[in-house]
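# Structure assessment
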Amino acid sequence: MTKVNLLGPWVRRFLLEYLVSERNLARNTQRSYRDTLSLLLPFVAQPVRKEVDQISVIDVSPEFVRLFLLHLEQSRNCTVGTRNQRLAAIHSLARFVGLYSPEHIEWCGQLRTIPPKRAPRSTITYLEKSEMDALLNAPDQSTDQGRRDHALLLFLYNTGVRADEAAQVKIVDLFLADSSRDHSLVQVRGKGNKLRRCPLWSQTVAELSSLIASRPPNDHVFLNRCGQPITRFGIHTMVERYVQRTLAGMPSLANKRVSPHTIRHTTATHLLRAGVDINTIRAWLGHVSLNTTNVYAEVDLEMKAKALASCEVRGAVPPKHWKEDVALMQFLRSL
């Protein structure tokens, strides 16, 4: 079998050259594509009775891809969103192979006709102001770890950054103003390595200044207990820990699945309530398309509709016939 017909070399070029050099995709997206192929190749190798490095391009047939997607949902309990994400990676690989190997154009077209599955529209979970305040008050600020955790929670709420973006922030990315007349900012590296700047509140600046004091500029801002850069998984664990600690005083949190991304939704919703325009929020959160940010506008419209319904002016109540007016009849009988 010629090298061009083997899938392995195409996978290597796809992961090492195309995703990095040509597309410049974020590291997490690269890992997602890698994980998809790490699951797909062994799944195909078993029924075709080949070693993974001997799988040909056409071995990954549309039938096997459909079975693989079904396996993800039924055996691995993946959501429809995850299933569609895996399919997008397969579509991208097929497009890449078809682009550089004309003899596989038909195969490419067959794989790309496999449609994504319609997913039920999920509702956005966000925290009310009282719930967010309770979460911010949960860390014990008399300890070093508690001060770091409070600063990290406040940073997430202030900037609305993703967990991975917060984990990657370095001291050199902070532009802390020397006086109240200037604005403090943080430079965030988002998806696709796109840079954006977010303003920082004075309280956030004060806590970050204390956290990074006397540390070199290339250090990560947020470190774990071992003094190593905190990971996005560590941030997830920290948020979950303080949610559990807050449940006793804020039982409404029990009905919400709270994660760092929930805090991101909270930031957007609270900014919208405060009157910040939707385009500014788009830039604040690092969304490429305004359509993504418009979801928060829809949430705000639902809240406003409920508020209007609660103070709706009801129609005038038609007067009762005098014979049906109990108070009047009692008054007449008493005369």
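Let us look at the structure shown here.

So, how was this worked out
- In this numbering scheme, every chain counts its residues from 1 along its sequence in written order.
- In view of the model being predicted, local features appear only for residues whose pLDDT reaches at least 70, and side-chain atom pairs are presented and counted only at 80 or more, with totals across whole chains, interfaces and linings using the full set of residues.
- Calculated side-chain values reflect all of the structure's heavy atoms, with hydrogen atoms and water omitted.
- Helix numbering and strand numbering both begin at the N terminus, where a helix is a DSSP run of H or I of at least 4 residues and a strand a DSSP run of E of at least 2.
- Residue exposure (1.4 Å probe, protein chains only): buried if accessible area is under 20% of the type maximum, exposed if over 50%, otherwise partly exposed.
- Contacts: residue pairs with any heavy atoms within 4.5 Å of one another.
- Accessibility throughout is a Shrake-Rupley quantity obtained with a 1.4 Å probe, and a residue counts as covered only by protein chains that appear here.
- Think of it this way: DSSP has to see at least two bridges between two strands before they count as a pair.
- Axis definition: a line fitted to C-alpha atoms, limited for helices to the stretch in contact. Angles are taken between N-to-C directions and run from 0 to 180 degrees.
- Each angle receives one of four descriptions, namely roughly parallel if under 35 degrees, roughly antiparallel if over 145, roughly perpendicular if within 65 to 115, and oblique otherwise.
- By convention the crossing between two helices is left-handed if the near helix lies anticlockwise of the far one by an angle smaller than a right angle, and right-handed if it lies clockwise.
- Directions drawn from the helix axis to the C-beta atoms are what define this arc.
- Polar contacts, as used here, are pairs of N or O atoms within 3.5 Å; protein pairs need one atom able to donate a hydrogen and one able to accept it. Residues neighboring in sequence count only if both atoms are side-chain atoms.
- One speaks of a salt bridge when a side-chain nitrogen belonging to Lys or Arg is within 4 Å of a carboxyl oxygen belonging to Asp or Glu.

What follows deals with the overall build of the protein. Within the protein, the secondary structure is distributed over 14 helices and three strands. Residue burial in the protein is summarised as follows: out of 335 residues, 41% are buried. For the protein, long-range pairs separated by at least 24 residues make up 64% of all intrachain contacts whose partners lie at least 6 apart in sequence. When the accessible surface of the protein is summed, it comes to about 19,700 Å², and 53% of that surface belongs to carbon and sulfur atoms.

We now examine the pairing of strand S2 (residues 185-189). Burial of S2 is one-sided: the residues Val 186 and Val 188 facing one way are buried, the residues Leu 185, Gln 187 and Arg 189 facing the other way are not. Pairing analysis gives two bridges linking strand S1 (residues 174-175) to S2, with the strands arranged antiparallel. The partner of Leu 174 across the bridge, within S2, is Val 186. The pairing of S2 with strand S3 (residues 195-199) spans five bridges and is antiparallel. Looking at the pairing, Leu 185 lines up with Pro 199 of S3.

So, about unusual backbone geometry. Most peptide bonds take the trans form, and the phi angle of most residues other than glycine is negative. Non-glycine residue Arg 49 carries a positive phi angle of around 60 degrees. Following the sequence through the fold, Arg 49 ends up in the loop between helix H2 (27-48) and helix H3 (62-74). Classification of Arg 49 by relative accessible area gives exposed; the value is 78%. The residue Ser 214 is not glycine, and still its phi comes out positive at about 65 degrees.

Here we come to the packing of helix H7 (residues 144-159) against helix H9 (residues 202-212). Running from N to C, H7 and H9 point in directions that differ by 140 degrees, and their axes come no closer than 10 Å. The angle between H7 and H9 falls in the class oblique. For the crossing formed where H7 meets H9, the hand is left-handed. Where H7 abuts H9, its residues Arg 147, Arg 148, His 150, Ala 151, Leu 154, Phe 155 and Asn 158 lie against Gln 203, Thr 204, Glu 207, Leu 208 and Leu 211.

Residues Ile 281, Trp 284 and Leu 285 constitute the buried set of helix H12 (residues 278-285). Looking straight down H12, one finds its buried side chains confined to an arc of 85 degrees; they lie on one side. Taking the backbone nitrogen of Asn 279 as reference, a side-chain oxygen 3.1 Å away marks Asp 277 as the first, capping residue of H12. Positive phi shows up at Gly 286, right after H12, with a value of about 80 degrees.

For side chains bearing opposite charge, pairing can occur when the charged atoms are close. Within this structure, the stated rule accounts for 14 salt bridges. Taking the shortest distance from any N to any O, the salt bridge between Arg 13 and Glu 17 comes out at 3.8 Å. In this pair, Arg 13 and Glu 17 are both assigned in helix H1 (residues 7-22), four residues apart and thus about one turn of the helix distant. Taking the shortest distance from any N to any O, the salt bridge between Asp 149 and Arg 148 comes out at 2.3 Å. We classify Asp 149 as buried; its relative accessible area is 0%. You can call Arg 148 buried: its relative accessible area is 11%. Beyond isolated ion pairs, a larger network of salt bridges with shared partners links Glu 73, Arg 83 and Lys 117.

Moving on to the pairing of S3. The two faces of S3 differ: Arg 196 and Cys 198 on one face are buried, but Leu 195, Arg 197 and Pro 199 on the other face are not. Between S2 and S3, which pair antiparallel in sequence order, lie five residues; one of them, Gly 192, sits at a positive phi of approximately 70 degrees.

Looking now at the sheet that holds S1. Paired through their backbone hydrogen bonds, the strands of a sheet run either parallel or antiparallel. Taken in spatial order, the three strands make up an open sheet running S1-S2-S3, and their pairing is antiparallel. Edge positions in the sheet fall to S1 and S3, since each has one partner strand and no second.

Within the secondary structure, Thr 36 sits in helix H2. Expressed as a C-alpha distance, the spacing of Thr 36 and Ala 88, which sit 52 residues apart in the sequence, is 9.6 Å. In this structure, Thr 36 is in contact with Phe 68, Arg 86, Ala 89 and Ile 90, ignoring residues within four places of it in sequence.

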